[in-house]
Structure formats: structure tokens, C-alpha cells
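The chain contents come next:
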Amino acid sequence: MVTTRSYRKACNFVSRKIFETKMLKQRPIHDLYYHELRSAFGLKSQMAQSVIKTVIARYKSAKSNGHDWSLIRFQNPEYDLVWNRDYSLVQDTFSVNTIDGRIKCSYETKGTEHFFVDNWKFGTAKVVFQHKKWFLHIPMTKAFSELQDEDVSQVVGIDLGLNFLATTYDSQGKTLFYNGKSFKHKRAKYKALRKQLQQKQTASARRRLQSIGSRENRWMMDINHRITKALVNQYGDHTLFVLEDLQGVRHATEKVKVCNRYVSVSWAFYQFRRMLEYKARMNRQKVMVVNPKYTSQTCPNCGHVEKSNRDKKKHLFCCKNCHYRSNDDRIGAMNLQRLGIEYIVEVTTGA
Ligand SMILES: [Zn+2]
């Protein structure tokens, strides 16, 4: 595609000028090189401006990321398009600006229908070349009003663990278990396979190790997506979810006996939290994170705190004071739910 090639060449031209002059202001760069961009690279006015903006943005982001001042090269064909200027939606096709004028591109909405209604905004798109095909990458944004504490009408404690991936306890006293048995089993299989390959030390074993690692990550991500989606759908808007702080979870998992340990547990929990946070935000729900201290040792019935209240091996909680008994993951979720209620009462009554 001629447009992206010219665009890339023009980006490299401007990049060299910026690298040499260390100038990051749009106006002087525009005054100096705009005409050359138009005549030597055959760019339309908007494209020439877009090239200048793109290159400046790349230098600025490199700078803010703490990189040394070095020449930025644009190696892959690319082209940035501003919404309703360089590309727009006309009836059922995208109209995209190129050197040879506007071209029409049809698109598939399957799985993305909601972006085309519902107040979503189209951002600056990128034309990219991948797997021998051209794609238009469009970032979508939408403003969501945040759920206020005084509007919370449901509080759900979520205990994350290995036996049950997630155990919830809500304001109606209902407990839900998101089962992790098959999960634990598959996780162990992956682990055994990894260990085998690690001992081999051959190039092909290393390659397989890598591909298994990424397959395992995708699988884990899929599970996190499914559970977080189920949770936000299960509870309506105005829900506050309460989770344990992950620093504590990581700490706890390090102490778990060897056969139960799984290395990336803290990473998986962190991913779970981020997914739940953004999905909750889109549903007028929110997530709060609390210190996990004592959440597994406190009796939700009488408030008695004692380490031996919990029998980890039997997954049983039995209060030494009032003899209240229950599944230990459920107790965790109950205590998290209570902390959420206490928080809401405190902020709404000023108590
Ligand atoms: Zn008790």
C-alpha cells in the first residue's frame, strides 16, 4: 500500500530531523518541513500534519519512559488516522483517506456490535500490516460515571484460592463457589510437563517450554475472564466487590506447602483483580481491596481471632470460642464482605 510506505518514509525523515535538532515543538517543525513532506513524499495536507504529530508523540513517550535520546526508526508500515478526518463511518463501510483519495472498507461487527451504539468514541486508528493482511486498529473509549459509595446496595466478598478459584459471600448471605478442582489438576499437569522439559536442556525442549508457558498463560487468562465476567453478571449494578490485597496473597502462597505451590499465582490473582476492576467499572460496580490480615482466622459469628480456628488441611473453619463451623474459603469471603459493609457504613454515616 503506497500510502503506508510514504507515511513511514515521511516519519523517518521527520524523526531524523527531530533527532538532530532535539526540537519537539509542533509549530517550528511544521514550518520547516511541511512543504517538503507534501512535495517529496506526496502526502496530503492532513497526512503531513499527522506524520509530524506521530513522530513528536513517539519522542515524547520515549522521553517520559526514561529512554536516552536516540534516533527512533519507523520500520513497519504504518499510518495514523484521526477519526472523522482521515477515516469515518459512512453507512456500513469505513471511508479511509489515502494518497490516492478515499477508499471504502467493509467490516465485520461480530462480537463488537456494542461499539457501534452506546456512546462509544472512535480514537486515532492505525493501519498495520500483520500476517500478510492489512488491519485498521481502532482504540475505543467511553466515559463511565463512577459508582459512589452512598449508592452501594450490594456488598460481595471474594476469596481467591486454589481449591475454589473464587468463593463469594453477598449481602443476602448467599455463598457461591467457582470451582477450581479441574483447574488445580490441569495446573499440576502443566507443572509436571514443565519440570520434565527443564531437565532436558535441549534447544527443542526450551522452545516447547516457551510455547507451553504461553499456552498456560492464555488458558489462565481465559479462566480469569470467565470468572470475572460471571461475577459482574451475577451481581447487578451498585455492587461493591471486596478482595484481599495481593501482596498478602503472594506472601501467603509462598508459605503453602510445596505440592500446592504454584509459581505465578500472584500474577494470576493480580490479573483477576485488574479484569474485575475494569469490568465492574463498565457496570456501575466497583472493587475495593483490603488488608488480608486475619480474614482467614476471624470468626464471622463472634469475632474471635485465633490462628487455630482454621484447619487448612481439612479446609474447615471451627471457632475455638463459639464453635461456629464452615468451609474455610467461605469464611474468608464472609470476613471480606463484612469489611466492605463496615467501610460503607463508615463513609456514609461518618461513624
Ligand atoms: Zn466464634
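Residues numbered from 1 in each chain as written. Predicted model: local features only at pLDDT ≥ 70, side-chain atom pairs only at ≥ 80, totals over all residues. Heavy atoms only, no water.

> Would you explain the overall build of the chain in this entry?
Each helix and strand in the chain was counted, giving 8 helices and 16 strands. For 351 residues, the compact-globule estimate of 2.2 N^0.38 gives 20 Å, and the chain exceeds it by more than 25% at 27 Å. By residue count, 39% of the 351 residues in the chain fall in the buried class. Pairs at least 24 apart in sequence give 58% of the contacts found in the chain among residues at least 6 apart. As presented, the chain carries roughly 20,800 Å² of accessible surface, and 51% of it is formed by carbon and sulfur atoms. (Helix = DSSP H or I, 4+ residues; strand = E, 2+ residues; numbered from the N terminus. Rg over C-alpha atoms; globule rule 2.2 N^0.38 Å. Buried < 20%, exposed > 50% of the residue type's maximum accessible area, 1.4 Å probe, protein only. Contact = heavy atoms within 4.5 Å. Areas by Shrake-Rupley, 256 points an atom, 1.4 Å probe, with all protein chains shown as cover.)

> In this structure, what is going on with the coordination of the zinc ion? I would like to understand it.
Six octahedral donors around a metal ideally subtend angles of 90 or 180 degrees, whereas four tetrahedral donors ideally subtend 109.5 degrees. Only C299 (SG), C302 (SG), C319 (SG) and C322 (SG) from the protein coordinate the zinc ion, and they sit 2.3 Å from it. Geometry at the zinc ion is tetrahedral, judged from the 4 donor atoms that bind it and their angles of 106 to 113° at the metal. A residue is classified by how much of its surface remains accessible, and C319, at 1% relative accessible area, is buried. (Donors = N, O, S within 2.8 Å, 3.2 Å for Na, K, Ca; no water. Tetrahedral: all angles 85-135°; square planar, octahedral: opposite > 155°, others 65-115°.)

> Looking at this structure, I do not really get the sheet that holds strand β16 (residues 325-327). What am I missing?
For sheets, the rule is that strands pair by backbone hydrogen bonds, running either parallel or antiparallel. One open sheet accounts for 3 strands, arranged β14-β15-β16; its pairing is antiparallel. Looking at strand neighbours, the two that pair on one side only are β14 (310-311) and β16, the edges of this open sheet. The sheet contact formed by strand β15 (residues 316-318) and β16 spans 3 bridges and is antiparallel. Paired with F317 across the bridge in β16 is S326. (Pairing = 2+ DSSP bridges.)

> What is the right way to look at the sheet that holds strand β3 (residues 93-98) in this model?
Read across the open sheet, the 3 strands follow the order β2-β3-β4; overall the sheet is antiparallel. Of all the strands in the sheet, the pair left with one neighbour each is β2 (87-90) and β4 (101-106). Averaged over all adjacent pairs, the angle separating strand axes in this sheet is 30°, with direction ignored. (Axes fitted to C-alpha atoms, helices over the stretch in contact; angles between N-to-C directions.)

> Explanation requested: the pairing of β2 in the structure shown.
It is a general feature of regular strands that their side chains alternate between the two faces of the sheet. With 4 bridges connecting them, β2 and β3 associate as antiparallel partners. If you follow L89 over to β3, its bridge partner there is F94. If you look at the hairpin formed by β2 and β3, you'll find 2 residues sitting between the two strands, and Q91 has a positive phi there, around 50°.

> Please explain the pairing of β4 as it appears in this structure.
In this structure, β3 lies alongside β4, joined through 6 bridges in antiparallel fashion. Across the sheet, the residue bridging to S95 is K104, located in β4. Between β3 and β4, which pair antiparallel one after the other, the connecting turn spans 2 residues.

> Please explain helix α3 (residues 45-64) as it appears in this structure.
Because each turn of an α-helix spans 3.6 residues, side chains separated by three or four positions in sequence point in the same direction. The end-to-end C-alpha distance of α3, which contains 20 residues, comes to 29 Å, matching closely the 28 Å that a straight helix rising 1.5 Å per residue would cover. Of all the positions in α3, only M47, A48, S50, V51, I52, T54, V55, I56, Y59 and A62 are classed as buried. Contact partners of the buried residues in α3: α1 (2-21), α2 (26-41), β1 (78-81) and β3. One or two positions beyond α3, positive phi appears at G66, with a value near 80°. (Expected span 1.5 Å × (residues − 1).)

> Is there a simple way to think about the domain arrangement of the chain in this case?
As a measure of interface size, the accessible area lost when the parts come together is often cited. The domains assigned to the chain are domain 1 (2-76), domain 2 (81-141) and domain 3 (149-349). Look at where the C-alpha atoms of domain 1 and domain 3 centre, and you get two points 47 Å apart. (Domains from an automatic or database assignment.)

> When you look at the environment of L81 in this model, what are you seeing that I'm missing?
Relative to the assigned elements, L81 resides in strand β1. Since its relative accessible area comes to 0%, L81 is described here as buried. As for L81 and S296, which are separated by 215 residues in sequence, their C-alpha atoms are 53 Å apart. Among all residues touching L81, those that are not within four sequence positions of it are D86, Y87, V96, N97, G123, T124, A125, V127 and L136.

> Looking at this structure, how should I read a nonpolar patch on the surface?
Residues F144, Y278 and M282 make up a contiguous nonpolar surface patch of roughly 250 Å² in combined accessible area. Mapped onto the elements, F144 comes out in the loop between β8 (140-141) and β9 (154-160). (Patch = residues over 30% accessible without salt bridge, like charges linked within 9 Å, V, L, I, M, F, W, Y side chains within 5 Å. Salt bridge = Lys/Arg side-chain N within 4 Å of Asp/Glu carboxyl O.)

> Which parts of the structure should I look at to understand the packing of α1 against α2?
For any two helices packed against each other, the geometry is given by the interaxial angle and the distance between the axes. Where α1 meets α2, the closest approach of the two axes is 11 Å, and the angle between their N-to-C directions is 150°. One element, α1, and the other, α2, form an angle in the roughly antiparallel class. As for the relative orientation of α1 and α2, their crossing is right-handed in sense. Facing S6, K9, A10, F13, V14, K17, I18 and T21 of α1, the residues of α2 in contact are I29, Y33, E36, L37 and F41. Looking at the contact of α1 with α2, its residues break down into 8 nonpolar, 2 polar and 3 charged. (Parallel < 35°, antiparallel > 145°, perpendicular 65-115°, else oblique. Left-handed = near helix turned anticlockwise from the far one by under 90°. Nonpolar A, V, L, I, M, F, W, Y, C, P; charged D, E, K, R; others polar.)

> What's the story with the packing of aromatic side chains in this structure? I'm lost.
The way to describe two aromatic rings as a pair is by their centre distance and the angle between their planes. Under the counting rule described, the total for this entry stands at 15 aromatic pairs. When the centroid spacing of 5.4 Å and the interplanar angle of 50° are considered together, the rings of F13 and F41 count as tilted. Note that F13 is positioned in helix α1 and F41 in helix α2, a separation of 28 residues in sequence. Of the residues examined, F13 reaches a relative accessible area of 15% and is grouped as buried. By way of ring pairs, the aromatic residues W83, Y87, F94, Y107, F116 and F122 are connected into one cluster. (Phe/Tyr/Trp six-rings, centres within 6.5 Å; stacked < 30°, edge-to-face > 60°.)

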